[in-house]
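# An overview of the molecular structure
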Amino acid sequence: SCGETVGVGVMGVKETGERDALMANAHSVNPDSDHVWNEPHGKTSFQKIAGYLSLAVMMAGWICEGEFEQELTAGCATATTAAIPGKLCYPNNFFITYCTRVGWTAVLVGWFIWRAFFLKSDNDDFKTGRGNGAFSWMYYLRWGAFLGVGIFASSYTWYISLSKTSFGGNAAVYQTAPVFVFILSVMLLGEKVTFFKCFAVLLSVAGCAVLSLENSQGGTDQPIGYVWEIGSVILYAIYEVFYKKYCCDDKDPFPTANSQRFFGLAGLVTLLVIWPFFFVLDHTGVEKFKLPHLDELYVIIIVAVCDTVFNLFLVITILLTSPLFTSVGTILVIPLGCLVDYLWKHIELAPKAYYGVGMIIFGFALMVYSEHKDHTAETERKTKEREEGTTRV
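Structure report, in brief. (Residues numbered from 1 in each chain as written. Predicted model: local features only at pLDDT ≥ 70, side-chain atom pairs only at ≥ 80, totals over all residues. Heavy atoms only, no water.)

## Side note on the packing of helix α6 (residues 137-162) against helix α10 (residues 223-247)
It is the contact of α6 with α10, at a shortest axis distance of 7 Å, that shows an interaxial angle of 160°. Classified by the interaxial angle, the pair formed by α6 and α10 is roughly antiparallel. Classified by chirality, the crossing of α10 by α6 is left-handed. Split by residue class, the contact of α6 with α10 holds 17 nonpolar, 7 polar and 1 charged. (Axes fitted to C-alpha atoms, helices over the stretch in contact; angles between N-to-C directions. Helix = DSSP H or I, 4+ residues; strand = E, 2+ residues; numbered from the N terminus. Parallel < 35°, antiparallel > 145°, perpendicular 65-115°, else oblique. Left-handed = near helix turned anticlockwise from the far one by under 90°. Nonpolar A, V, L, I, M, F, W, Y, C, P; charged D, E, K, R; others polar.)

In structure tokens form, the structure reads like this:
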């Protein structure tokens, strides 16, 4: 709502002083620790390569999660099909989503292990807890609560949409996220509006539309599934951009570790806040609570692991690159998802759908080129400024 948006803006301004103070303390503890990240445009060659690798792992987690989530409801009756004997049918999407946050919280344990055994420093600030980089625990706790609940809602509505759509069609529609991410990035992150970026986003979304429409002609998709999915996409876009805006800092001496700390806190806060809705959904009949059978529980565990991998590397990819690049990059999951559908379930795309696949791949290539062009221009500008400064001296 409008009130919530204003509240978020006030919270971000109010906490700027707190974050700046923490950054000053972090640099006094280890002033050289962030040299890798403090390059022109905030990216080094190593960081860009790491971003591409993180994107690949993220997509693998997304495909894994989507396929196994669909397995959980493969045997359920729908408005157009009868129940399938021998197939799993566990439609409790809220419980599944809740279980995934257990995996998120486990990442926080990994952060404590890193903090205790792998962080090298003789400075007493690390032992007293002030060596956490750019963000305090309370700062991350507040934003973890806000964004954690938001992305929980995004995941829940996406799970609902999966049972009502094919995976290929679902993947296609979900990739309209770059439009919302682009708009929010321009407004909040100062993302440059260039011809190549605009064309890349439009081409990718058009490709998604072509693939989705062609893939839905078999009559297996339900329109309400895509309504749920669009709501999920909007929440997902807000999560990406707000995380980059308020929970990342180019000069943070521990950027990857802090992304894990935020991720674990978001999962923990969600576990503590969301559980009363089990009773609400059960009482209203929206989703009657039912414990899963053992074979269903095995699949839920796999889904939780895949979801943790996807979302952990999502925040790492955003940290290493940008929300727009991450969002456009995930469109590559579409041809991969369709390939998995073909190999696993023998679902073939309509011939015209391959035009959409081609548009998607070309759109991503344009985005990579645009990012490279921006990085080169920024590097040249920084180099020129340094040379001019040297000349004046």
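## Comments concerning empty space enclosed by the protein
Summed over all chains, the structure comprises 5 cavities of 30 Å³ or more. As for the largest cavity, its lining consists of W62, E65, I151, S154, S155, W158, Y174, Y236, D307, F310 and N311. Among the secondary structure elements, those contributing two or more residues to the lining of the largest cavity are α3 (45-72), α6 and α13 (294-320). It is α6 that provides the largest number of residues to the lining of the largest cavity, a total of 4 residues. (1 Å grid on protein atoms, 1.4 Å probe; cavity = no way out; pocket = protein on both sides within 12 Å on 5 of 7 lines; lining within 4 Å. Points joined across faces, edges and corners; volume = space filled by probe spheres on them.)

## Brief notes about the packing of α3 against α13
At a closest axis distance of 7 Å, the pairing of α3 and α13 adopts a crossing angle of 155°. It follows that α3 is roughly antiparallel to α13 by the angle criterion. As α3 runs across α13, the sense of the crossing is left-handed. Grouping the constituent residues of the contact of α3 with α13 by class yields 20 nonpolar, 5 polar and 4 charged.

## Looking at the state of the cysteines
Overall, the coordinates contain 1 disulfide when judged by the stated rule. Residue C64 pairs covalently with C306 via a disulfide, S to S 1.8 Å. A residue pair is termed long-range when its members are at least 10 positions apart, and C64 in helix α3 and C306 in helix α13 qualify at 242 residues. A residue is classified by how much of its surface remains accessible, and C64, at 21% relative accessible area, is partly exposed. There is no disulfide at C247, and the cysteine sulfur nearest it, in C248, is 6.8 Å away. (Disulfide = S-S within 2.5 Å. Buried < 20%, exposed > 50% of the residue type's maximum accessible area, 1.4 Å probe, protein only.)

## Focus: the packing of aromatic side chains
As enumerated under the stated definition, the model contains 28 aromatic pairs in all. Note on F94 and F278: the rings are 4.9 Å apart at their centroids and 90° apart in plane angle, and the pair reads as edge-to-face. Remark: F278 occurs in helix α12 (residues 277-284) and F94 occurs in helix α4 (residues 93-118); sequence separation between them is 184 residues. For F94, a relative accessible area of 5% translates into the label buried. Relative to Y140, the ring of F135 has its centre 4.8 Å away and its plane inclined at 15°; by these criteria the two rings are stacked. Each of the two residues, F135 as well as Y140, counts as buried. The lysine or arginine in question, R101, covers the ring of W104, its NZ or CZ lying 4.1 Å from the ring centre. The ring of W137 has R261 lying over it, and the distance from NZ or CZ to the ring centre is 4.8 Å. (Phe/Tyr/Trp six-rings, centres within 6.5 Å; stacked < 30°, edge-to-face > 60°. Lys NZ or Arg CZ within 6 Å of the ring centre and 35° of its normal.)

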